[in-house]
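Chain residues, written in single-letter form:
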Amino acid sequence: MATPQTSVITEAGLQFYQKPLTAIEIRAQVNLIQEVMQAVMKKDTHYGTIPGCAKPSLYKPGAEILFTTFHVFVDPIVEDLGHNDLARFRVTAYAKSAVGVSLGSAIGEASSEEEKYKWREMVCSDEYDETPEDRKRKKWKKGRTDAYAVFQVHTNVADVQNTVLKMAYKRAFVALALQITAASDIFTQDIQDLPPEVRNEIVGEESQSVQGEVLPAEIKRKDTVPVQGSPEVAHRS
């Protein structure tokens, strides 16, 4: 029966040894990650914080900093799982040390069926009226004081395809960084990618107002004030 492999930091980066790590070696790795976070990483660039969440979320640039710190080389493999009206990608990221030793792998997926990619708000009432019934909807959201409705149309898949691919890369890279550097006790993953109402349930916070939502650049919401003749923005207590 093979002895389980464990990793330790050396001058060449993460290396595998046929022995358990000592408490001192584990502490040294955690200390190094914390030092890099404080001295090199920048909030909202390499990591971010979600109100109510105990740990910051690691972003792809932060994952790349950790790979550089430990001399980890990443080889991503992309699978296109989409079709004409769906963009879906699976990225498997493989990590190797500076001397070519396999360190592990992680998978990230993203799809245009995700809420933040599938729908965008109407440009005007004419666009909403001319859109087929199965490609438009009225969605209720929770505001600070009461519920409100927004009128949305289906996003053109081609407009978000590249963003979906980048998100799959990001999820794979972040998962890999947390896994092989044992940084999960410092960072979390993917909470910022969840729809606001789901994210707020997880962190136990009140739902945020529409002004606090962040959408991909391709589907930035239009002005929420209805134009003349457009469906009125409905409110419900």
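Everything here concerns the structure above.
Conventions and cut-offs
Residues numbered from 1 in each chain as written. Predicted model: local features only at pLDDT ≥ 70, side-chain atom pairs only at ≥ 80, totals over all residues. Heavy atoms only, no water. Pairing = 2+ DSSP bridges. Helix = DSSP H or I, 4+ residues; strand = E, 2+ residues; numbered from the N terminus. 1 Å grid on protein atoms, 1.4 Å probe; cavity = no way out; pocket = protein on both sides within 12 Å on 5 of 7 lines; lining within 4 Å. Points joined across faces, edges and corners; volume = space filled by probe spheres on them. Nonpolar A, V, L, I, M, F, W, Y, C, P; charged D, E, K, R; others polar. Polar contact = N/O pair within 3.5 Å; in protein donor to acceptor, adjacent residues only side chain to side chain. Contact = heavy atoms within 4.5 Å. Axes fitted to C-alpha atoms, helices over the stretch in contact; angles between N-to-C directions. Phe/Tyr/Trp six-rings, centres within 6.5 Å; stacked < 30°, edge-to-face > 60°. Buried < 20%, exposed > 50% of the residue type's maximum accessible area, 1.4 Å probe, protein only.

I'd like a rundown of the pairing of strand β6 (residues 88-96), residues and numbers included.
Across eight bridges, strand β5 (residues 73-80) lies against β6 in antiparallel orientation. Paired with P76 across the two strands is A93, which belongs to β6. Inspection of the sheet shows β6 paired to strand β7 (residues 102-111) by nine bridges, in the antiparallel sense. Its bridge partner being in β7, T92 is matched across the sheet by I107. What sits between the antiparallel neighbours β6 and β7 is a turn of five residues, in which G100 has the positive phi angle 90°.

Could you give an account of empty space enclosed by the protein, naming the residues involved and the relevant values?
Scanning all chains against the criterion turns up one cavity of 30 Å³ or more. Reported here for the largest cavity is a volume of approximately 30 Å³. Looking at the largest cavity, the residues that line it are S112, Y117, K118, H154, T155, N156, V157 and V160. Tallied by class, residues from the lining of the largest cavity come to three nonpolar, four polar and one charged.

Any details on the side chain of T131? Residues and values, ideally.
Note that T131 resides in the loop between α4 (125-130) and β9 (136-142). Within polar-contact distance, the side chain of T131 engages the backbone oxygen of E127 at 2.6 Å. With residues up to four places along the chain from it excluded, the contact list for T131 reads K136 and V153.

Give a detailed account of the sheet that holds β7, specifying residues and quantitative values.
Reading across from one edge, β5-β6-β7 is the order of the three strands in this open sheet, with antiparallel pairing throughout. The sheet is open, and its two edges are formed by β5 and β7, each paired on a single side. Pairwise comparison of adjacent strand axes, ignoring direction, gives a mean angle of 20° for this sheet. Across the sheet, helix α5 (residues 157-181) lies against β5, β6 and β7, angled at about 150° from β7, the strand it touches most.

Lay out the packing of aromatic side chains in plain terms, naming residues and giving numbers.
In total, this model carries four aromatic pairs according to the counting rule given. Arranged with centres 6.1 Å apart and planes meeting at 70°, the rings of F67 and F173 form a pair that is edge-to-face. In this pair, F67 is assigned in helix α2 (residues 60-69) and F173 in helix α5, connecting sequence segments 106 residues apart. F67 sits in the buried class, given a relative accessible area of 5%. You can call F173 buried: its relative accessible area is 10%. When the centroid spacing of 5.3 Å and the interplanar angle of 85° are considered together, the rings of Y128 and F151 count as edge-to-face. Here the residue Y128 occupies a position in helix α4, and F151 occupies one in strand β10 (residues 147-154), the gap between them amounting to 23 residues.

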